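Coordinate analysis (summary)
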Amino acid sequence: MGQAKPHRRKAVIVEDDADLRWLTATLLEESDLDIIECESAEAALATMLICGKDVSMIFADIRLPGVMDGVDLAREVKMRWPHLTVVVTSGNPGDRLEHLPPDVLYMPKPWQALNLLMVAERAKLGQPPMH
């Protein structure tokens, strides 16, 4: 009989720029998280409804195509999964940070790879991000 594959936690990356989404996914794979890539907040929310119990963190751009942006996604996710680590990022958030729910981390672009990996490691262990 084969051995059961160890259960790995997941990270959802929500970024409409395909190159930046790939770069972020490649980086987060270093944290031993399985990566789910989405290009819109709506796709990320649909993903969460299917496999939210397995997700450790969401890393989302604030400015996204569609009806919802990253702040809307963060608000919806924190209502449904309050202990989930949610990080939003943007090079130009405008006034959207005023609407950010509590316990959501903002990481300005360009973010540092080490900072993102540290947040991912804490999320994987079920620890809140350090602000």
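Just above sits the structure.
Keep in mind it's a predicted model, so treat the numbers as computed, not measured. (Residues numbered from 1 in each chain as written. Predicted model: local features only at pLDDT ≥ 70, side-chain atom pairs only at ≥ 80, totals over all residues. Heavy atoms only, no water.)

1. Focus on the packing of helix 2 (residues 41-51) against helix 3 (residues 70-80)
Helices that pack against each other are described as a pair by the angle of their axes relative to one another and the distance between those axes. Contact geometry of helix 2 with helix 3 gives a least axis separation of 10 Å together with a crossing angle of 15°. One way to sum up the angle between helix 2 and helix 3 is to call them roughly parallel. Crossing of helix 2 against helix 3: the hand is right-handed. Of helix 3, the residues touching helix 2 (which contributes Ala 41, Ala 44, Leu 45 and Leu 49) are Leu 73, Glu 76 and Arg 80. (Axes fitted to C-alpha atoms, helices over the stretch in contact; angles between N-to-C directions. Helix = DSSP H or I, 4+ residues; strand = E, 2+ residues; numbered from the N terminus. Parallel < 35°, antiparallel > 145°, perpendicular 65-115°, else oblique. Left-handed = near helix turned anticlockwise from the far one by under 90°. Contact = heavy atoms within 4.5 Å.)

2. Re the packing of aromatic side chains
In the structure shown here, the tally under the stated rule is one aromatic pair. When the centroid spacing of 5.5 Å and the interplanar angle of 90° are considered together, the rings of Phe 59 and Trp 111 count as edge-to-face. You can see Phe 59 sitting in strand 3 (residues 55-61) and its partner Trp 111 sitting in the loop between strand 5 (104-108) and helix 4 (113-124), a full 52 residues away along the chain. Its relative accessible area of 3% is what places Phe 59 among the buried residues. Given the relative accessible area of 14%, Trp 111 is considered buried. (Phe/Tyr/Trp six-rings, centres within 6.5 Å; stacked < 30°, edge-to-face > 60°. Buried < 20%, exposed > 50% of the residue type's maximum accessible area, 1.4 Å probe, protein only.)

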